[in-house]
Structures are given as C-alpha cells and as structure tokens.
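Summary of the model geometry
Residues per chain are reported as follows:
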Amino acid sequence: VAIALGERLAAEARSRLDAWAEQGQQIYVPRLLPFEFASPLTRARFDGRLEREDVDTAIHVLQLPAIEYDDEPQLSEIIAIAGRLARRNSYDAAYLELSQRRHAPMWTTDGSLYRNASELGFDVQLLRAVSDA
Amino acid sequence: MRYHESVARRCITIELEEDEYRRLEALASRTGMAPDRALRWLIERSGEPIQDEEDDSPAAVAKRRAQWREFLDAAEELRKKVKPWGPGELDKFLQEVRAERDARP
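From a predicted model like this one, the values you see are computed outputs, not experimental measurements.

1. A look at the overall build of chain B
When its secondary structure is counted, chain B shows 4 helices and 2 strands. Helices and strands in chain B line up, N terminus first, as β-β-α-α-α-α. For chain B, with 105 residues in total, the buried portion stands at 33%. Pairs at least 24 apart in sequence give 32% of the contacts found in chain B among residues at least 6 apart. Approximately 7000 Å² of chain B is accessible, and the part contributed by carbon and sulfur atoms is 49%.

2. A few points about the overall build of chain A
Each helix and strand counted, chain A has 6 helices and 4 strands in total. Ordering the α and β elements of chain A from the N terminus gives α-β-α-α-β-α-α-β-α-β. Within the span of chain A, comprising 133 residues, buried residues form 47% of the whole. Here the analysis covers contacts within chain A between residues at least 6 apart in sequence; of these, 50% occur between residues at least 24 apart.

3. Re the packing of helix H4 (residues 75-84) of chain A against helix H5 (residues 91-102) of chain A
Residue and element names in this part refer to chain A. In contact at an axis separation of 8 Å, H4 and H5 are set at 115 degrees when each is read in the N-to-C sense. Read as a crossing pair, H4 and H5 show a hand that is right-handed. Residue-level contacts link Glu77, Ile78, Ile81 and Ala82 of H4 to Ala93, Ala94, Leu96, Glu97 and Gln100 of H5. Across the contact of H4 with H5, the residue classes break down as 6 nonpolar, 1 polar and 2 charged.

4. So, the nonpolar core
If you look at soluble globular proteins, the nonpolar side chains tend to sit buried side by side. Core analysis: the largest hydrophobic core is formed by 36 residues, its most contacted members being A:Leu96, A:Ala117, B:Trp68, B:Phe71 and B:Leu78. By residue number, the principal contributor to this core is helix H3 (residues 58-81) of chain B, which donates 6 residues.

5. Details of the packing of helix H1 (residues 10-23) of chain A against H3(B)
Running from N to C, H1(A) and H3(B) point in directions that differ by 160 degrees, and their axes come no closer than 8 Å. Classified by the interaxial angle, the pair formed by H1(A) and H3(B) is roughly antiparallel. When the axes of H1(A) and H3(B) are compared, the crossing they make is left-handed. For the pair formed by H1(A) and H3(B), the contact residues are A:Arg14, A:Leu17, A:Asp18, A:Trp20, A:Ala21 and A:Glu22 on the first element and B:Arg65, B:Trp68, B:Arg69, B:Phe71, B:Leu72 and B:Glu76 on the second. A per-class count over the contact of H1(A) with H3(B) returns 6 nonpolar, no polar and 6 charged.

6. Observations regarding the packing of aromatic side chains
Under the defined criterion, the tally for this structure stands at 3 aromatic pairs over all chains. Relative to A:Trp107, the ring of A:Trp20 has its centre 5.6 Å away and its plane inclined at 70 degrees; by these criteria the two rings are edge-to-face. Residue A:Trp20 is located in helix H1, and its partner A:Trp107 is located in strand S3 (residues 106-108); the two are separated by 87 residues in the primary sequence. Summarising the aromatic geometry, the rings of B:Trp68 and B:Phe71 are spaced 5.9 Å apart at their centres and angled 90 degrees between planes, so their arrangement reads as edge-to-face. Of this pair, B:Trp68 and B:Phe71 both sit in helix H3, separated by 3 residues, roughly a single helical turn. Judged by its relative accessible area of 10%, B:Phe71 is buried. Over the ring of B:Trp85 we find A:Arg49, and its NZ or CZ is 3.9 Å from the ring centre.

What counts and what doesn't
- Residues numbered from 1 in each chain as written.
- Chains lettered and ligands numbered in written order.
- Predicted model: local features only at pLDDT ≥ 70, side-chain atom pairs only at ≥ 80, totals over all residues.
- Heavy atoms only, no water.
- Helix = DSSP H or I, 4+ residues; strand = E, 2+ residues; numbered from the N terminus.
- Buried < 20%, exposed > 50% of the residue type's maximum accessible area, 1.4 Å probe, protein only.
- Contact = heavy atoms within 4.5 Å.
- Areas by Shrake-Rupley, 256 points an atom, 1.4 Å probe, with all protein chains shown as cover.
- Axes fitted to C-alpha atoms, helices over the stretch in contact; angles between N-to-C directions.
- Left-handed = near helix turned anticlockwise from the far one by under 90°.
- Nonpolar A, V, L, I, M, F, W, Y, C, P; charged D, E, K, R; others polar.
- Core = buried A, V, L, I, M, F, W, Y, C linked by side-chain atoms within 4.5 Å.
- Parallel < 35°, antiparallel > 145°, perpendicular 65-115°, else oblique.
- Phe/Tyr/Trp six-rings, centres within 6.5 Å; stacked < 30°, edge-to-face > 60°.
- Lys NZ or Arg CZ within 6 Å of the ring centre and 35° of its normal.

Treat this as a map of the structure, not an account of what it does.
Written out as structure tokens, the structure reads:
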C-alpha cells in the first residue's frame, strides 16, 4: 500500500520488498487486506488524486500471485488475541494470528501496535522511515 | 481423519484417529490454543521432525522472484498514477481510519 500510494514509507517498503523478492520470499496476508487497500484508494478517488480508469490498475496489483491470501483464519484465536491487545476490533489481531500460525514475522508501520504486540511476545517488526529511526 | 497444516512454506499432513482428534480439540479447548497450534505443540513436544516440503529448487525460487518483480513493477506503475498526499493529509487519514476502527459502539 505504501509503495503503490506513495506514502512516506514507500522507499523503506520498497527496499524491504526488493530484498524479499531477491530471496524469493512469500508474503501471506489475511483476506481483509483488499479492504485495507480499498480505503486509501477510496480517499484518493474522493480527493481527486486517482482517476477512475486507474482503479483497475490498483485492483490488478492485489490479484498478482506474489501475495498469498490466507483462507484458514482461526477466529477463536483472533478474538483471544484481540482481547490480549485490549482491542475492541479484530483487525490487528487477524494479522497477528496469521503471523503466529505461519511462524512468520508480522511487519507493520503502526508504532503503537508494534510496541503492544511485542510486549505480548508476538514476532512483530516495525517498518520505519529513516527519519524516524 | 486427515489433518493438514501449512506453516510458512512447510506443510505437514498426518492421519488422526477420531478419538485422537477429539483429544486434540479437548487440549486446544483447555489451553485456549487453536487446534493447529495445539497439534504443532504436540508434534514439537514429541521430538518428531516436521517434514519440510518447501520447494527451494532453482526453478521455484526463480518463479517466485519473477512474481515479485511483476508485483513491484505493477505497484510502481500504480504509484505513478496516484497524485501524492498533501502536507499532513496522510497522517490525518491514518488517524481517521484508526479512530473509526476504535470507535466505541
């Protein structure tokens, strides 16, 4: 999302993804990712920063095979993790449950989520801009 | 009963008798673990090696690299089509998204 929508972390995200590409790594994402992506796209359309005909380009990115969508969410575990995070929703917990089940680190740009989840023992990595480091 | 679990790119498939699966579910229920985690915990505790079925052949790695290049090129192409956020707009948007998610009923 950062790369595609030109966010401030685009360079860092690109660098990280380039490294994973070189290693042939696989990224796993929950099925809710398209909706996470749709939100800034909707805003970009609303703000006039994205033309309507370019929305299809964005959708195409999400359908490429480099990203593997997870179809085995463990809902009871997601709800339990949300409770441990003291969250009233399941979004962050869905990513953490997937990370936990796949034995793979979760990458986030959300500093508060990173701190909270790290303290609870989850394998979380923070993507930060050079200026933030 | 066939039980299959994918972990990263490692996959394990084992056969469980009905009563074994019930015991697994009971363990998961008692510990609060999801059944797949409980199964992995049991396997790791038994010391049995988990078969690594990850395909790291040169052809498979080359294929994944090609998929990545396609993805990154497409993302870069999209970025060229989206006008950048104005000053402070991105932070404001992220705060709005977070506030909507965390809104109390």
